[in-house]
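Structure assessment
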Amino acid sequence: MTASVEERAKRRFKEFQEKKADITLEEVKENIEKRDKIDSGRSVSPLKKADDAIEFDNTGLAINDELYMLLNIIKEVQLKKK
């Protein structure tokens with residue numbers, strides 16, 4: 001499951017606002033980009049998608065739409081296994 005950096009930053013920023021944290025949206029975005037670069041570039045166990053993974057981008061999706069799409073993906077996978 002993934003989402004654009006911008007979407008993830010908006011979501012995280014909203015969490016920080018609810019906690020009254022003193023951080024800007026741009027700082028949140030920069031932190032996410034930095035962490036992504038570190039996680040995907042480390043020499044031991046870099047973060048990467050598995051070869052057989054199904055990538056699901058939930059950028060801009062409401063939770064109900066996300067659930068509906070995931071259930072459809074699960075059904076498709078189950079049908080292929082039969």
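Preceding block: the structure.
All values derive from a computational prediction rather than experimental measurement.

1. Comments concerning unusual backbone geometry
Phi angles above zero are rare outside glycine, and lysine 20 is one such case at about 60 degrees. By secondary structure assignment, the location of lysine 20 is in the loop between helix H1 (5–18) and helix H2 (25–41). The class of lysine 20 is exposed, set by a relative accessible area of 73%. One non-glycine residue with positive phi stands out, namely serine 45, at about 55 degrees. Note that serine 45 resides in the loop between H2 and helix H3 (63–81).

2. Notes on the pattern of salt bridges
Applying the stated rule across the entire model yields eight salt bridges. Between arginine 11 and glutamate 7 there is a salt bridge whose closest N-O contact spans 3.2 Å. Of this pair, arginine 11 and glutamate 7 both sit in helix H1, separated by four residues, roughly a single helical turn. Overall, glutamate 7 belongs to the buried group, its relative accessible area being 17%. Connected via shared salt-bridge partners are Arg8, Arg35, Asp36, Asp39 and Arg42.

Parameters and conventions
Residues numbered from 1 in each chain as written. Predicted model: local features only at pLDDT ≥ 70, side-chain atom pairs only at ≥ 80, totals over all residues. Heavy atoms only, no water. Helix = DSSP H or I, 4+ residues; strand = E, 2+ residues; numbered from the N terminus. Buried < 20%, exposed > 50% of the residue type's maximum accessible area, 1.4 Å probe, protein only. Salt bridge = Lys/Arg side-chain N within 4 Å of Asp/Glu carboxyl O.

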